[in-house]
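What follows is the residue order along each chain.
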Amino acid sequence: MAGITGSLFFAIMWTAAVFVDGSWHLGEMTLSELGDRSRSGYLLFNTGAMVTGILSLLFSVGLYKVLSPGLMGRAGAVLMGLASLMLIGVGLFPIDTGTPHTVVSYSFFGTAALALVLLISPFAKSYVFHPSMAMLTGLLVLVCLVGAAILELPGLEALAVGCLLLWMFVVSIRMMWHHPAR
C-alpha cells in the first residue's frame, strides 16, 4: 500500500503545488523550483517529497522482502531505499538551499536509475513480479534515456519523476496482488 499511496500522494501534491503557484511551467522549470521557499506552493511540494520519500522507503522494505534472497534484487531494493532517503532530502533541502539540494536531487535520480537497472533481471525471474514487470522497468529506463537525449533538464526531470511514479504504482499493485500482507 505504501507504494500506491506514495505515488498518488506525490502526484496530487505536485499538481496542487502547480495550481497554488500559478507561474510554474512544465518542461520549462524543474520540479524543485516549486519547492523554493519564496514560492506560494512550496509547502505542498516539499511535504509531497518528504512524505513520498517515507512511503517509498516502506515500499523498498517490502520490495527487499519479496525479492530476497537474490543479491541483485536485494541490491536494487536497498538502492531504491537509499533513493527514498534522498527524496526526503529534496523536501528538507529545497532548491533555495543551493548545494545541499543539488546533491540530494542528483543523488536521488542517479540512485533510483541504478536501482531500476539492477531490478530488471530479478523481476524477470520472480513469480511475484513476472517478466512483464522486467519489461515495464526496462521500457521506463529506455524512455528516460531517450528523454535524456532529446529534452532539456526540466522536461527530463518531469519525465523521470512520472516514470518513477508509474513504476512504483504498478509494481506495488503487482506485489499486493501476488504477495498480500498477512
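Residues numbered from 1 in each chain as written. Predicted model: local features only at pLDDT ≥ 70, side-chain atom pairs only at ≥ 80, totals over all residues. Heavy atoms only, no water.

Draft legend 1. Main features of the overall build of the protein chain. Scanning the protein chain from terminus to terminus reveals 6 helices and 0 strands. Its C-alpha radius of gyration of 16 Å places the protein chain within 12% of the 16 Å reference for a compact globule of 182 residues. Each principal axis of the C-alpha distribution contributes one length, and for the protein chain these read about 45 × 40 × 25 Å. Within the protein chain, the fraction of its 182 residues that count as buried is 47%. Of the roughly 9,000 Å² of accessible surface on the protein chain, 74% is carried by carbon and sulfur atoms. (Helix = DSSP H or I, 4+ residues; strand = E, 2+ residues; numbered from the N terminus. Rg over C-alpha atoms; globule rule 2.2 N^0.38 Å. Buried < 20%, exposed > 50% of the residue type's maximum accessible area, 1.4 Å probe, protein only. Areas by Shrake-Rupley, 256 points an atom, 1.4 Å probe, with all protein chains shown as cover.)

Draft legend 2. Spotlight on the pattern of salt bridges. Enumeration over the complete set of coordinates arrives at 2 salt bridges. Across the salt bridge formed by Arg39 and Asp21, the nearest N and O atoms sit 2.6 Å from each other. Pair noted here: Arg39 is in the loop between helix H1 (2-21) and helix H2 (42-67) and Asp21 is in helix H1, with a separation of 18 residues, a long-range link. Judged on exposure class, the residue Arg39 and its partner Asp21 are both buried. The partner of Arg37 in a salt bridge is Asp96, and the shortest N-O contact between them spans 2.4 Å. Of the two residues, Arg37 is situated in the loop between H1 and H2 and Asp96 in the loop between helix H3 (71-92) and helix H4 (99-125); the sequence distance between them amounts to 59 residues. (Salt bridge = Lys/Arg side-chain N within 4 Å of Asp/Glu carboxyl O.)

Draft legend 3. Here's a closer look at the packing of H3 against H4. Look at H3 against H4: their axes get within 8 Å of each other, and the N-to-C directions meet at 160°. With respect to each other, H3 and H4 are oriented roughly antiparallel. You can see that H3 and H4 cross each other, and the crossing is left-handed. Class assignment of the residues belonging to the contact of H3 with H4 gives a composition of 19 nonpolar, 7 polar and no charged. (Axes fitted to C-alpha atoms, helices over the stretch in contact; angles between N-to-C directions. Parallel < 35°, antiparallel > 145°, perpendicular 65-115°, else oblique. Left-handed = near helix turned anticlockwise from the far one by under 90°. Nonpolar A, V, L, I, M, F, W, Y, C, P; charged D, E, K, R; others polar.)

Draft legend 4. Layout of the packing of aromatic side chains. Scanning the model with the defined rule gives 7 aromatic pairs in all. Consider the rings of Phe10 and Phe45, whose centres lie 5.8 Å apart with planes at 70°: the pair is edge-to-face. Here Phe10, found in helix H1, pairs with Phe45, found in helix H2; they are 35 residues apart in sequence, far enough to count as distant. Exposure class is identical for Phe10 and Phe45. Each is buried. With centroids separated by 6.3 Å and ring planes inclined at 80°, the aromatic side chains of Trp14 and Trp24 adopt a geometry described as edge-to-face. Here Trp14, found in helix H1, pairs with Trp24, found in the loop between H1 and H2; they are 10 residues apart in sequence, far enough to count as distant. Of the residues examined, Trp14 reaches a relative accessible area of 14% and is grouped as buried. Looking at Trp24, the relative accessible area reads 8%, which means it is buried. (Phe/Tyr/Trp six-rings, centres within 6.5 Å; stacked < 30°, edge-to-face > 60°.)

Draft legend 5. Region of interest: the nonpolar core. Of all hydrophobic cores here, the largest spans 45 residues; its most connected members are Leu63, Phe123, Phe129 and Trp167. With 10 residues, the top contributor of residues to this core is helix H6 (residues 153-178). Here Trp167 is in contact with Phe59, Leu63, Met80, Leu116, Leu119, Phe123, Thr137 and Leu140, once residues within four sequence places are set aside. (Core = buried A, V, L, I, M, F, W, Y, C linked by side-chain atoms within 4.5 Å. Contact = heavy atoms within 4.5 Å.)

Draft legend 6. Focus on the packing of H1 against H6. Contact geometry for H1 and H6: axes closest at 7 Å, N-to-C directions at 150°. Classed by the angle they form, the pair H1 and H6 counts as roughly antiparallel. H6 is crossed by H1, and the crossing has left-handed handedness. Note on element contacts: H6 touches H1 through Ala158, Val161, Leu165, Met168, Phe169, Ser172, Ile173 and Met176, opposite Gly3, Ile4, Gly6, Ser7, Leu8, Phe10, Ala11 and Trp14. Of the residues assigned to the contact of H1 with H6, the class counts are 12 nonpolar, 4 polar and no charged.

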